[in-house]
Amino acid sequence: MGTEDGTRAAWAAASRKYEIEYAEHLERARTAQLLPAEVAALGGLVPGADVVHPMSGHGLDDVALVHLGARSVHGLDYSDAAVSSAQRRADELGVPCRYTRATMPDSGLDDGCADLVYTGKGALIWLADLDTFLLETRRLLRPGGRFYVYEAHPLVPLWTWDADEARLRTDRGYFAPSHVNDTFPGNGAVEHQRTLAEMVMACLRAGFTIEHLKEHPEPFWQPDRLSAAAWDGRLPNTFSLLARRP
């Protein structure tokens, strides 16, 4: 594919799984919880908060945010399948989550509508323009509001999935601006790469104050029945960042 339109088409096709797996996700949503690292960073910020979740995907994290005490969660996604299945599930569970087919920066939401903008877990790699995304994020936040991301570490594209030993892929580079995805959501989709420093500096350019930055050895996603040496605790596989709008 190699284009943004191709990437969106691949994502839309992959997102049909949310309809196919609706019953499974419904059961998971009943007891959905954020990851321990997310709870540690957000536990005191979520109760009573209005949350916006760009690239909300299956929406299970939105229900988890409600379980943590969020007053409302508004999910945004450009996949019709993701939006419709997540809204159906929220309505069935009676949780205060609503969903809109939208992208950032064209969210259509009001200035200062959120206490927290939450995203990650495979979201940021699909953003062609991180600076514009973060400026829109800042616009949506009330003064003192937070932006939180729990995402794959920028080094992850370099790790192989070999079980015996962690190795570097010879076809990837840390400083490459993008690469062609060969796993999810489909062959040919373009992933946008940023170094950890580029992520931090983009937040600072958007006017945020960094309050938390941590690297984690655990991956947020593992293919079924696969155990790679890169996930044995020695290498960074995820990072979390919390930034505040002054």
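Provided above is the structure to which this section pertains.
This text gives an overview of the structure that appears in the document. (Residues numbered from 1 in each chain as written. Predicted model: local features only at pLDDT ≥ 70, side-chain atom pairs only at ≥ 80, totals over all residues. Heavy atoms only, no water.)

**A word on the overall build of the protein chain**
In step 1: When its secondary structure is counted, the protein chain shows eight helices and nine strands.
In step 2: Its C-alpha atoms give the protein chain a radius of gyration of 17 Å, within 12% of the compact-globule value 18 Å for 246 residues.
In step 3: Its C-alpha atoms give the protein chain principal-axis dimensions of about 45 × 40 × 35 Å.
In step 4: Within the protein chain, the fraction of its 246 residues that count as buried is 50%.
In step 5: Long-range pairs, those at least 24 residues apart, make up 72% of the contacts in the protein chain with a sequence separation of at least 6.
In step 6: For the protein chain, the accessible area works out to roughly 11,400 Å², and carbon and sulfur atoms hold 52% of it.
In step 7: Separation of charge centres in the protein chain, based on 25 positive and 34 negative side chains, amounts to 3 Å. (Helix = DSSP H or I, 4+ residues; strand = E, 2+ residues; numbered from the N terminus. Rg over C-alpha atoms; globule rule 2.2 N^0.38 Å. Buried < 20%, exposed > 50% of the residue type's maximum accessible area, 1.4 Å probe, protein only. Contact = heavy atoms within 4.5 Å. Areas by Shrake-Rupley, 256 points an atom, 1.4 Å probe, with all protein chains shown as cover. Lys, Arg positive; Asp, Glu negative; His and termini not counted. Charge placed at Lys NZ, Arg CZ, Asp CG, Glu CD.)

**Digging into the sheet that holds strand β5 (residues 141–152)**
In step 1: Here we have seven strands laid out as an open sheet, ordered β3-β2-β1-β4-β5-β9-β8, and mixed in their pairing. In this open sheet, the two strands that pair with only one neighbour each are β3 (97–101) and β8 (209–216). Each neighbouring strand pair of the sheet contributes to a mean axis angle of 15°, computed without reference to strand direction.
In step 2: The pairing of β5 with strand β9 (residues 238–244) spans seven bridges and is classified as antiparallel. Bridge pairing links Ala 152 to Thr 238 in β9.
In step 3: On the sheet, helix α5 (residues 60–67) packs against β1 (50–54), β2 (72–77), β3 and β4 (114–120) and is oriented at approximately 150° with respect to β3.
In step 4: Contacting β1, β4 and β5, helix α7 (residues 130–140) crosses the sheet at an angle of about 140° to β5. (Pairing = 2+ DSSP bridges. Axes fitted to C-alpha atoms, helices over the stretch in contact; angles between N-to-C directions.)

**Section: the packing of aromatic side chains**
In step 1: Taken as a whole and assessed by the stated rule, the structure comprises six aromatic pairs.
In step 2: Between Tyr 118 and Tyr 148, the aromatic rings sit 6.2 Å apart at their centres with planes inclined by 20°, giving stacked as the arrangement. Of the two residues, Tyr 118 sits in strand β4 while Tyr 148 sits in strand β5, which places them 30 residues apart along the sequence.
In step 3: Taking relative accessible area as the criterion, Tyr 118 reaches 1% and is therefore assigned buried.
In step 4: Taking the centre distance of 6.3 Å and the plane angle of 65° together, the rings of Trp 161 and Trp 221 count as edge-to-face. Residue Trp 161 is found in the loop between β5 and β6 (178–180), and its partner Trp 221 is found in the loop between β8 and β9; the two are separated by 60 residues along the sequence. (Phe/Tyr/Trp six-rings, centres within 6.5 Å; stacked < 30°, edge-to-face > 60°.)

**Describing the state of the cysteines**
In step 1: Throughout the structure, instances matching the rule amount to zero disulfides.
In step 2: Cys 113 supplies the cysteine sulfur nearest to Cys 97, a cysteine that is in no disulfide, at a spacing of 15 Å.
In step 3: Of the residues examined, Cys 97 reaches a relative accessible area of 5% and is grouped as buried. (Disulfide = S-S within 2.5 Å.)

**Comments concerning the packing of α7 against helix α8 (residues 196–205)**
In step 1: Relative to each other, α7 and α8 sit at 45°, their axes nearing to 9 Å. Accordingly, the angle class assigned to the pair α7 and α8 is oblique. Relative to α8, the crossing made by α7 is right-handed. Residues Leu 130, Asp 131 and Leu 134 of α7 touch α8, and the partners they reach there are Met 199, Ala 202, Cys 203 and Arg 205.
In step 2: When grouped by side-chain class, the residues that make up the contact of α7 with α8 number five nonpolar, no polar and two charged. (Parallel < 35°, antiparallel > 145°, perpendicular 65-115°, else oblique. Left-handed = near helix turned anticlockwise from the far one by under 90°. Nonpolar A, V, L, I, M, F, W, Y, C, P; charged D, E, K, R; others polar.)

**Thoughts on helix α3 (residues 22–30)**
Side chains of residues three or four places apart in an α-helix project in the same direction, reflecting 3.6 residues per turn.
In step 1: Listed as buried for α3 are Tyr 22, His 25, Leu 26 and Ala 29. Seen from one end, α3 has its buried residues packed into an arc of 105°, which puts them on one side. (Arc of directions from axis to C-beta.)

**Notes on the nonpolar core**
In summary, soluble globular proteins display a tendency toward joint burial of nonpolar side chains.
In step 1: Core analysis: the biggest nonpolar cluster contains 28 residues, and Phe 133, Leu 134, Phe 147, Met 199 and Leu 241 have the highest contact counts within it.
In step 2: Elements supplying a minimum of two residues to this core: β4, α7, β5, α8 and β9.
In step 3: Considering each element in turn, this core owes the most residues, five residues, to α8.
In step 4: The residues contacting Leu 241, other than those within four sequence positions of it, are Phe 147, Tyr 148, Val 149, Met 199, Val 200, Cys 203, Ile 210, His 212 and Leu 213. (Core = buried A, V, L, I, M, F, W, Y, C linked by side-chain atoms within 4.5 Å.)

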